[in-house]
Number of protein chains: 4
Amino acid sequence: MYSFRNDYSEGAHPNILQRLVETNLVQQSGYGEDEYSVAAKEMLKQKLGNPAAAVFFISGGTQSNLIVISSLLKVHEAVISAKTGHIFSHETGAIEATGHRVITVDTKEGKLQAADLKDVLAAYSMRPHVVKPRMVYISNSTEIGTIYSKAELTELRDFCLANNLLLYMDGARMGHALTADSNDLTLTDIGQLTDVCYIGGTKNGALIGEAVVFNNPQLGADFDYVLKQKGALLAKGRLLGIQFLELFKDDLYFTLARKANMLAMKIAKAVQEQGYTFLTPATSNQLFPILPKTLISELSKEYQFYEWEAIDAEHSAVRIITSWATEESVVDAFIAAIRQHK
Amino acid sequence: MYSFRNDYSEGAHPNILQRLVETNLVQQSGYGEDEYSVAAKEMLKQKLGNPAAAVFFISGGTQSNLIVISSLLKVHEAVISAKTGHIFSHETGAIEATGHRVITVDTKEGKLQAADLKDVLAAYSMRPHVVKPRMVYISNSTEIGTIYSKAELTELRDFCLANNLLLYMDGARMGHALTADSNDLTLTDIGQLTDVCYIGGTKNGALIGEAVVFNNPQLGADFDYVLKQKGALLAKGRLLGIQFLELFKDDLYFTLARKANMLAMKIAKAVQEQGYTFLTPATSNQLFPILPKTLISELSKEYQFYEWEAIDAEHSAVRIITSWATEESVVDAFIAAIRQHK
Amino acid sequence: MYSFRNDYSEGAHPNILQRLVETNLVQQSGYGEDEYSVAAKEMLKQKLGNPAAAVFFISGGTQSNLIVISSLLKVHEAVISAKTGHIFSHETGAIEATGHRVITVDTKEGKLQAADLKDVLAAYSMRPHVVKPRMVYISNSTEIGTIYSKAELTELRDFCLANNLLLYMDGARMGHALTADSNDLTLTDIGQLTDVCYIGGTKNGALIGEAVVFNNPQLGADFDYVLKQKGALLAKGRLLGIQFLELFKDDLYFTLARKANMLAMKIAKAVQEQGYTFLTPATSNQLFPILPKTLISELSKEYQFYEWEAIDAEHSAVRIITSWATEESVVDAFIAAIRQHK
Amino acid sequence: MYSFRNDYSEGAHPNILQRLVETNLVQQSGYGEDEYSVAAKEMLKQKLGNPAAAVFFISGGTQSNLIVISSLLKVHEAVISAKTGHIFSHETGAIEATGHRVITVDTKEGKLQAADLKDVLAAYSMRPHVVKPRMVYISNSTEIGTIYSKAELTELRDFCLANNLLLYMDGARMGHALTADSNDLTLTDIGQLTDVCYIGGTKNGALIGEAVVFNNPQLGADFDYVLKQKGALLAKGRLLGIQFLELFKDDLYFTLARKANMLAMKIAKAVQEQGYTFLTPATSNQLFPILPKTLISELSKEYQFYEWEAIDAEHSAVRIITSWATEESVVDAFIAAIRQHK
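Residues numbered from 1 in each chain as written. Chains lettered and ligands numbered in written order. Predicted model: local features only at pLDDT ≥ 70, side-chain atom pairs only at ≥ 80, totals over all residues.

A. Fine view of the relation of the copies chain C and chain D. Here chain C sits on chain D after a turn of 180 degrees about the axis and a move of 0.0 Å along it, with an RMSD of 0.0 Å. What the rotation and shift describe, once combined, is the action of a two-fold rotation axis. Looking at chain C, 100% of its interface residues are interface residues in chain D too, so the copies touch through the same face. (Least-squares fit on C-alpha atoms with pLDDT ≥ 70 in both. Contact = placed C-beta atoms within 7 Å.)

Have a look at this one:
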């Protein structure tokens, strides 16, 4: 059985393990003061074109989200998210557990628009009987594979600026977003158009690790305290620093994401050629093709993937995910299996 | 400069890195459902002599403490700790941040005794105007290097049973405790005498990782939810499982801790032979010798360690820590430098 | 201007003030240990037919909700509510501020049904990536004036029992519910069909005050601690005890509610006779007639009420509330004004 | 039996009840928008000499403390208090329940000094492994009857200003403090020397009610949200407004406190004349005389008071509290009983 269930089925890119082995016995300061973490933060600030940014490394996405959000909101403030947003759908109430409501919006493609935010502000106007919306959470790429265009992100940013809202981008799959065929955003754009974001490592070649970036460093002035308080400050911070050093050396991060996208597009093309459609646009490394149940049943004999949603008596949408580690030969065999079905 | 500042200055034991490399591209389920984690949990239950125990892997100690404690206490309940306890002294209010008071006790050697607990219960008797003490937090070895004897732990356990208190042991350095010369506890004893404990990997050979053990599995029945909610459930749980598999294969964990203790005792012997005393008994891999400031000044030219506490105009206590990675030749040179001083 | 905006525009029923004056200088124990509170609790247990119930007095509804819910849920557990439920719509995220998600359900009449709960359990099945639904919150009467029948409540209760869910009834307007024409529930039924409820005083004759009742006293065993911790334990608890003593003497509580309902029904009848409809069924003391904007405009010259929701270009729904203190002559004048409009 | 156990054994000053009766059926806006609350806030700002201050009414002291503190601290920040401070000793962990550590200081007379704060800052310097001290909590009068002088308060204020600390005064017994014989502070001084304070009504003539004052209104800009979120916004806010209107009309508030103090001083004088000493200086309406157990035993036959602390085999300190409602004739009888003892 080969798994297309997610992009964290394998370990790390070999370069990372190699570097861990090479540096293993060099003594380093603890708690992120090691030289690798320091160098990795510098490198990221350069790539973002923002030398003043404040960068912190965190083990995982849920942890990043809950620490960023709880460090920025006051007790009566709330964060707005698409209903499909990871903080609402798959983080076991992590944000509420820090005391804040996640205000949700139904969306078509998992993306928030300025009009959605306007509606939320109207619905939450009956002060003081309602929470105060203060932050906007978006994912890029989204949990259903779509991405934000520069125009869309700029519109959101403008609305946020005009309405005293902070804009936070969850970039668990930022690599896949920025290397998608239809993407027109750069890392520098992200640095300029969001207040805070995180650049995800776990789903793109790292063992663990996300880089939280405060593009406005004032917002992160006391973040080190919160990092420690929530249990996220690793004694051996070198583990995170080394990974980001390797991922951003020679833009390996983008090379890996591009490969994942390319393999996904190969599958998407085959799906389309067979006349099947998609639940959400096939854009990055997460695909949601709507397939006949008979095909799903056949594919399931050799491949693992999620059955996402029943469509009708004979069709379901499935979720297929590729990654930096996906083998092209397996993708080709998978495509062949799709084509053989009739 | 060579560092005796802590036991997390290096990476992981080479066996661990080797195993990570070997298994790197094997596809595994995420979120701790991988075969390594499953096998490591089984192995730990065997070692603890408690097949019914519930085991969970977590990245670090602060995270383990806050998740265990917040998952077991109701909103009005509190945990009792020595004032030197890590949850009170060095975790940025992590426990209070989950809503619970840490009730502190002044102690001589960082260890709680039944008499201390009795005093706390008396001081917190004015229901409902005070919190309800419900859990006892102890560290073994303690933050100042001392360890619990079987008699001491048994007395605590009996008091807890008689007073509806849960007993939780922070084993960040459990390896060093259980391999200290004066120790008479076994891992099985810990399993029988505590309700919950964690077995620390980070400070004894792992890159990251602690194993939380609910010796009473009922207490951990819903722990998976809380693990996820607090951001501690790693997508690539294999990273934790593989490390514990290696650490407990052929009892490497205890071999490493024994080495750290042995090197510490070598230093302690030299310190004593020079006529110096200790702030706390020299028992495990953390030493707190009281040295002349002139000697401290000389040693500081080549070695890093913490100046812990000023004693008088001419003496200070310092903290010297050894680990599995400490080089014996450096220890010998350090001892020679102590002996040369007059 | 006369206000139909809410049922808390006036002070307390005169009997209450009289009793406060009479008992004012009698020395009493503090913190709810006074003889009036003790007697009032006994009286309520009798009325509920449950001598084992645990009763506590609290100043207001939001406070009651947040203390009850936060005292009963573990950190990873959530409460289910209709989207119109007060805890979701008008309490400034009070429940989330204690760390718990409010899972919402869209409903037609503000009431939850077993089928809704079943859907929620299905949607929240992906353990441990989602919160665990553990409590069901219902209001009776609801925030939009409707009430639960005995059959409906029994069905909910059965579903809860079968699915390990606690059933909590917010009775801010329980008096109005139990005295509505179409009601078939008694206070004893409420005591048997819910795990916890509160009987609201503020909106039915008290200055402040709600009586929280744990029909299963085990659930309230430590409630006194939480009451104090959340700032709800009044030093002069007599203020609450005296009010409930008066409200339940000779069933004044139900007499007052019945009057409010009767006046509302009088208005409802006139509204219907004029051919207007209602947004939600006219059942108790909260009415939501859909009126021509021209009529609304005229009525607004002499009466205050909320414009609730725009219906079309020419009609809006308004909210009209009557209470124990509403003057029947004003109601008659209001009805006359409705009838005169054409 | 007559009780000297506390200053909340009776109801309210009769003027308050009278006014409640007079205004009872006047319709008013809810949630503190009533005309009495508006007028009472204006009156208080005048008395404080700070027209820009932001004033809010809250039912009780624990509630005031937890809402003020949780609204002003970020998640990693802590509040400093004397160990005898009410927030640490008698509020069931209310502050920790909102996520913040209470850093305690041992004091002689329940009062904090700048030197204490300096020590705390030194002890909490190991960023980011410790919480960040951000607020100083003081009570005036203190929980053991002592009061702050203008010089002491000014010194604290200066230290706070120089060290980015907020100064918050719990004035549960502010009336008793400001009317004590040795007092040299005015309400205007309090307004200028603290960032936030509350003026306590419950222990000085009100049924319930404390007035929270943000002397720096910026700090209270969003306080209304938090008030509602924590369940403190009364639907019938008139209950609080009317009480403060009456209490500050013709300075009744100070007249009542002065009477309580005068009666306490009468007792204190008799105690001294008999040669007994005090645990803490006899300054305001809380006395802690150290009496022979034989005398305590005799007095206990007719009077209620707390046995506070055992002193030696034959003596204990007791707590005697007088209030606005204490009868002078009873005080005289009590004094006579003290004098008769030999």
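B. Spotlight on the sheet that holds strand S3 (residues 77-82) of chain A. Residues and elements named next belong to chain A. What the 7 strands build is an open sheet, ordered S2-S8-S7-S6-S5-S3-S4; its pairing is mixed. Since the sheet does not close on itself, it has two edges, and those belong to strand S2 (54-58) and strand S4 (102-105), each with one partner. Sheet twist, expressed as the mean angle between neighbouring strand axes with direction ignored, is 25 degrees. In the sheet, strand S5 (residues 132-139) pairs with strand S6 (residues 166-171) via 5 bridges, with the strands oriented parallel. Paired with Ile138 across the two strands is Met169, which belongs to S6. (Pairing = 2+ DSSP bridges. Helix = DSSP H or I, 4+ residues; strand = E, 2+ residues; numbered from the N terminus. Axes fitted to C-alpha atoms, helices over the stretch in contact; angles between N-to-C directions.)

C. Up close: the interface of chain C and chain D. With 39 residues of chain C in contact, the opposing surface of chain D contributes 39 residues. Contributing elements (two or more residues each) for the side of chain C that touches chain D: helix H1 (14-23), helix H3 (61-72), helix H5 (94-97), helix H10 (223-229) and helix H11 (238-248) of chain C. Per-element accounting of the side of chain C that touches chain D gives the leading share, 5 residues, to H1(C). Of the residues contributing to the side of chain C that touches chain D, the split by class is 17 nonpolar, 18 polar and 4 charged. (Nonpolar A, V, L, I, M, F, W, Y, C, P; charged D, E, K, R; others polar.)

D. Focus on the pairing of strand S7 (residues 196-200) of chain C. All names here are of chain C. In terms of burial, S7 is a largely internal element, 5 of the 5 residues being buried. With burial as the criterion, each face of S7 is covered, one bearing Val196, Tyr198 and Gly200 and the other bearing Cys197 and Ile199. Here strand S6 (residues 166-171) runs beside S7; their pairing, made up of 4 bridges, is parallel. Bridged to Gly171 within S7 is Ile199. Two elements, S7 and strand S8 (residues 210-214), share 5 bridges in a ladder whose sense is antiparallel. Paired with Val196 across the strands is Phe214, a residue of S8. (Buried ≥ 20, exposed ≤ 12 C-beta atoms within 10 Å, placed from the backbone.)

E. Layout of the domain arrangement of chain A. Residues and elements named next belong to chain A. Partitioning chain A into domains gives domain 1 (2-7 + 253-340) and domain 2 (14-251). Relative placement of domain 1 and domain 2: their C-alpha centres are 27 Å apart. Taken together, the contact between domain 1 and domain 2 spans 19 residues of the former and 21 residues of the latter. If you tally residues by element for the side of domain 1 that touches domain 2, the top one is helix H12 (residues 252-273), at 9 residues. Here the side of domain 1 that touches domain 2 is composed, by residue class, of 10 nonpolar, 7 polar and 2 charged. (Domains from an automatic or database assignment.)

F. Expanded view of the relation of the copies chain A and chain B. In screw terms, the move from chain A to chain B is a rotation of 180 degrees and a rise of 0.0 Å along the axis, fitting with an RMSD of 0.0 Å. Same-surface contact between copies: 100% of interface residues of chain A are shared with the interface of chain B.

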